[in-house]
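The lines below spell out each chain.
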Amino acid sequence: MIDNLLEIKDLYVEYKTNKGILGGNQIIHAVNGVSINIKRGEILAIAGESGCGKSTLAKAIIKLEPTKSGQINFKQHNILTMNKKELKNFRKSTQMVFQNPYSSLNPKMKIIDTLKEPLLINTEYSQKEILKIIKEKIKKVGLSEECLELYPHEFSGGQRQRIAIARALVLNPEFILADEPVSALDVSIQAQIINLLKELKEDFNLTFVLITHDMSVIKYLADRVAIMYLGEIVEIGTTEEIFKSPKHPYTQALLSAVPQISGIKSERTILQGDLPSPSDLPKGCKFHTRCSKCFERCAEQNPSYIKISESHKVKCHLYI
Ligand code: SF4
């Protein structure tokens, strides 16, 4: 039996723009009917261009973004209908690692206080127990106990991201949402943080959702990949299936831009035009305004998912 930690069913997220943005009072259709399961112990990457809805989807999954409709089940309990106590337990089980380690740590707090904070708020551990947990976690991310008495500005970007990861670990979460966790770091440091995330996933049997536009990070870290376009998942499969045999023209375009990673030797698929506004979604297939393989039906009918294998499906009329 597949053990799903999270089950997202037909999720919609939309919001109104403020005055001055797109003329004000526009409805942004950020997530449009996403259904996806996240298995316990896996790293699921959500990829796509900036503005495709991946960060909004990820934040909605951990209830940081209000939803319009749908269901988000965490260990078979819908988080959208949880009471305060259930929600508090859910919050302890889920943590986030942000893109920018410079702004995610309070510059006025010593590292020891930053790491203590979630434990003081969410547990009834004694000071001695709290200190023991903090020392364990700071070592686990490759830093020494001496770091605990320092302030964030005394660390490099990579070290700060290690501290942010240690803070995410102190409550022993089951699920971590990592939003572009290495994109603000020097290239030389990125590999160290990627290796650390991989190691922690194994050691603590963590489940990750990884939000990134960087296909090389996905190839190295993720077990499965979901490709998102204008608020929809247009293709999902194992990392091997997506990299070796991408089916959706959008996935092919994303991968053909980085042939040394994908190994795809076919000619480069050029994306036409810009991402349409999520306040004015195209009719039919949402990708048809930019797709080089578009044909008549594409502008009229939104395609259903086509099963390529047990783990691989694609939303495109070409595979009917
Ligand atoms: Fe392109 Fe048509 Fe497939 Fe959409 S359905 S991705 S427009 S071929």
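Structural data are supplied above this passage.
Residues numbered from 1 in each chain as written. Predicted model: local features only at pLDDT ≥ 70, side-chain atom pairs only at ≥ 80, totals over all residues. Heavy atoms only, no water.

Caption draft 1: Here's a closer look at the packing of helix H5 (residues 157-169) against helix H6 (residues 187-204). In the contact formed by H5 and H6, the axes pass within 10 Å of each other and the chain directions differ by 15°. Our classification of the angle between H5 and H6 gives roughly parallel. Our pair here, H5 against H6, has a crossing hand that is right-handed. Facing Gly158, Gln161, Arg162, Ile165 and Leu169 of H5, the residues of H6 in contact are Ile189, Gln192, Ile193, Leu196, Leu197, Leu200 and Phe204. Tallied by class, the residues present in the contact of H5 with H6 amount to eight nonpolar, three polar and one charged. (Axes fitted to C-alpha atoms, helices over the stretch in contact; angles between N-to-C directions. Helix = DSSP H or I, 4+ residues; strand = E, 2+ residues; numbered from the N terminus. Parallel < 35°, antiparallel > 145°, perpendicular 65-115°, else oblique. Left-handed = near helix turned anticlockwise from the far one by under 90°. Contact = heavy atoms within 4.5 Å. Nonpolar A, V, L, I, M, F, W, Y, C, P; charged D, E, K, R; others polar.)

Caption draft 2: Here's a closer look at the packing of aromatic side chains. All chains considered together, the criterion is met by four aromatic pairs. Chaining the aromatic ring pairs together yields one cluster made of Tyr229, Tyr250 and Phe287. When the ring centre of tyrosine 12 is taken as reference, the NZ or CZ atom of lysine 68 above it lies at 5.9 Å. Above the plane of the ring of tyrosine 220 lies lysine 198, whose end atom (NZ or CZ) is 4.3 Å from the centre. (Phe/Tyr/Trp six-rings, centres within 6.5 Å; stacked < 30°, edge-to-face > 60°. Lys NZ or Arg CZ within 6 Å of the ring centre and 35° of its normal.)

Caption draft 3: Main features of the nonpolar core. Leu115, Ile138, Ile163, Ile165, Ile218 and Ile227 are the most contacted members of the largest nonpolar core, which totals 56 residues. By residue number, the principal contributor to this core is H5, which donates six residues. Residue contacts for isoleucine 218: discarding those within four places in its chain leaves Ala45, Ala47, Thr212, Val225, Thr239 and Phe243. Of all hydrophobic cores here, the second largest spans 34 residues; its members include Ile8, Ile36, Leu44 and Ile62. (Core = buried A, V, L, I, M, F, W, Y, C linked by side-chain atoms within 4.5 Å. Buried < 20%, exposed > 50% of the residue type's maximum accessible area, 1.4 Å probe, protein only.)

Caption draft 4: Geometry of the sheet that holds strand S8 (residues 207-211). Strand order across the open sheet formed by eight strands is S6-S7-S8-S3-S9-S10-S12-S11, with mixed pairing between neighbours. The open sheet has two free edges, formed respectively by strand S6 (94-97) and strand S11 (305-307), since each of these has just one partner strand. On average, each strand axis in the sheet is inclined to that of its neighbour by 20°, with strand direction left out of account. Strand direction decides the pairing type here: strand S10 (residues 232-238) and strand S12 (residues 313-315), joined by two bridges, are antiparallel. Note on S12: the bridge partner recorded for isoleucine 236 is lysine 313. Along the sheet face, helix H2 (residues 84-93) touches S6 and strand S7 (175-179) and points at about 45° away from the line of S6. The sheet contacts of H5 involve S6 and S7, and relative to S6 the element is tilted by about 175°. (Pairing = 2+ DSSP bridges.)

Treat this as a map of the structure, not an account of what it does.
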